[in-house]
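# Per-entry structural report
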Amino acid sequence: MKLLKIIAICVSVVFAPVVLADKVAVLGYEEALLKSNAANGFRETLKKELQGEQKRVLELEKQAKSLREKIQQNGASMTPDALRQAQLQFQKAFEEYQRSGQALQQKGAERQQEFINEMRPKLDKIIKKIIDDNNYDVVVAKKATVYVAKGFDITESVIQQLNK
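Now for a description of the structure that goes with this document. Counting from 1, residues in each chain are numbered in the order their sequence is written. Residue-level local features of this predicted model are given only where pLDDT is at least 70; pairs of side-chain atoms are given and counted only at 80 or more, and the full residue set underlies all totals for whole chains, interfaces and linings. Values reported for side chains reflect all heavy atoms of the structure, with hydrogen atoms and water molecules removed beforehand.

### Here's the deal with the packing of aromatic side chains
Aromatic rings in a pair are described by how distant their centres are and how their planes are angled relative to each other. Paired rings are identified among Phe, Tyr and Trp, the last through its six-membered ring, by centres lying within 6.5 Å, and are further divided according to the angle between planes into stacked (under 30 degrees), edge-to-face (over 60) and tilted (the rest). Scanning the model with the defined rule gives three aromatic pairs in all. Between phenylalanine 42 and phenylalanine 115, the ring centres sit 4.6 Å apart and the planes meet at 15 degrees, which makes this aromatic pair stacked. Here phenylalanine 42, found in helix H3 (residues 37-74), pairs with phenylalanine 115, found in helix H4 (residues 80-134); they are 73 residues apart in sequence, far enough to count as distant. Both residues of the pair, phenylalanine 42 and phenylalanine 115, belong to the buried class. With 5.8 Å between their ring centres and 25 degrees between their planes, phenylalanine 90 and phenylalanine 94 make a pair best called stacked. In this pair, phenylalanine 90 and phenylalanine 94 are both assigned in helix H4, four residues apart and thus about one turn of the helix distant. To sort residues, take the accessible area from a 1.4 Å probe on protein chains only and compare it with the maximum for the residue type: under 20% means buried, over 50% means exposed, and anything in between is partly exposed. By relative accessible area, phenylalanine 90 is classed as partly exposed at 23%. The exposure class of phenylalanine 94 is partly exposed, given its relative accessible area of 33%. An aromatic cluster is defined as three or more aromatic residues linked by ring pairs; in this entry it consists of Phe90, Phe94 and Tyr97. Any Lys NZ or Arg CZ that is within 6 Å of a ring centre and within 35 degrees of that ring's normal is treated as a charge sitting over the ring. In this structure, lysine 23 is placed above the aromatic ring of tyrosine 136, and the distance from its NZ or CZ to the ring centre is 5.1 Å. By definition, any uninterrupted DSSP run of H or I lasting at least four residues is a helix, any uninterrupted run of E lasting at least two residues is a strand, and each is numbered from the N terminus.

Quick look at the structure:
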């Protein structure tokens, strides 16, 4: 019983600032960033940047599939040495495909993180201005909410300011 009282007190202390807040808003930080015009432009630029590497990965995938099909179709009629050689070729092609695919994904993720880091100061400045202009006491992450009534979500306002 004593533990229950302690837990109740802790919960009330943690949520007291939110309960006492007059103006509360909800913000989808990542959503605002990813739906902005800047993000759309970034995606197009990144697509063009990685186009050559993506084409190479697709060619490696096609090559590996072709070798696998050759082994499946002709494996029974191949000599043991020829089969082993074909399997080695397939393994090398598949490993190169995996390595190139992972490198492409990593490069894309790194560029995306660079974009986020570049945009963060601008986004933070816009959010701060909206908070100050509207006198919000608390801004809660959209991901942390189950339900939000109309008028509490400021994500669209942030997107509009980002697009200016």
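### So, the nonpolar core
Think of a nonpolar core as a cluster: buried Ala, Val, Leu, Ile, Met, Phe, Trp, Tyr and Cys residues, connected wherever their side-chain atoms sit within 4.5 Å. Within the largest apolar cluster, 22 residues are counted, with the highest numbers of intra-cluster contacts made by Leu33, Phe115, Leu123, Ile130, Ile154, Val158 and Leu162. Taken together, the elements giving at least two residues each to this core come down to strand S1 (24-27), helix H2 (29-34), H3, H4 and helix H5 (155-162). Sorting elements by how many residues they give to this core places H4 first, with eight residues. Here valine 158 is in contact with Leu27, Ala32, Leu123, Ile126, Ile127 and Ile130, once residues within four sequence places are set aside. Contacts are assigned to residue pairs with any non-hydrogen atoms lying within 4.5 Å of each other.

### Some words on the packing of H3 against H4
Axes are the key here: two packed helices are described by the angle between their axes and the distance separating the axes. Here an angle of 0 to 180 degrees is reported between the N-to-C directions of two axes, which are lines fitted to C-alpha atoms, with helices fitted over the stretch in contact. Where H3 meets H4, the closest approach of the two axes is 8 Å, and the angle between their N-to-C directions is 170 degrees. By the angle class used here, H3 and H4 are roughly antiparallel. For this classification, the nonpolar set comprises Ala, Val, Leu, Ile, Met, Phe, Trp, Tyr, Cys and Pro, the charged set comprises Asp, Glu, Lys and Arg, and every other residue, Gly included, is treated as polar. For the contact of H3 with H4, a count of residues per class yields 19 nonpolar, eight polar and eight charged. Each angle gets one of four labels, with under 35 degrees taken as roughly parallel, over 145 as roughly antiparallel, 65 to 115 as roughly perpendicular, and the rest as oblique.

### As for the pattern of salt bridges
A carboxyl oxygen of Asp or Glu within 4 Å of a side-chain nitrogen of Lys or Arg is what we treat as a salt bridge. One pass over the structure, following the stated rule, counts 13 salt bridges. Lysine 107 is paired through a salt bridge with glutamate 53; the nearest N and O atoms lie 2.7 Å apart. In this pair, lysine 107 sits in helix H4 while glutamate 53 sits in helix H3, placing the two residues 54 residues apart along the sequence. Accessibility expressed as a relative area gives 35% for lysine 107, which makes it partly exposed. Glutamate 53 gets classed as partly exposed once you look at its relative accessible area, which sits at 32%. In the salt-bridge network here, residues are joined through shared partners; they are Glu31, Lys35, Lys142 and Asp153.

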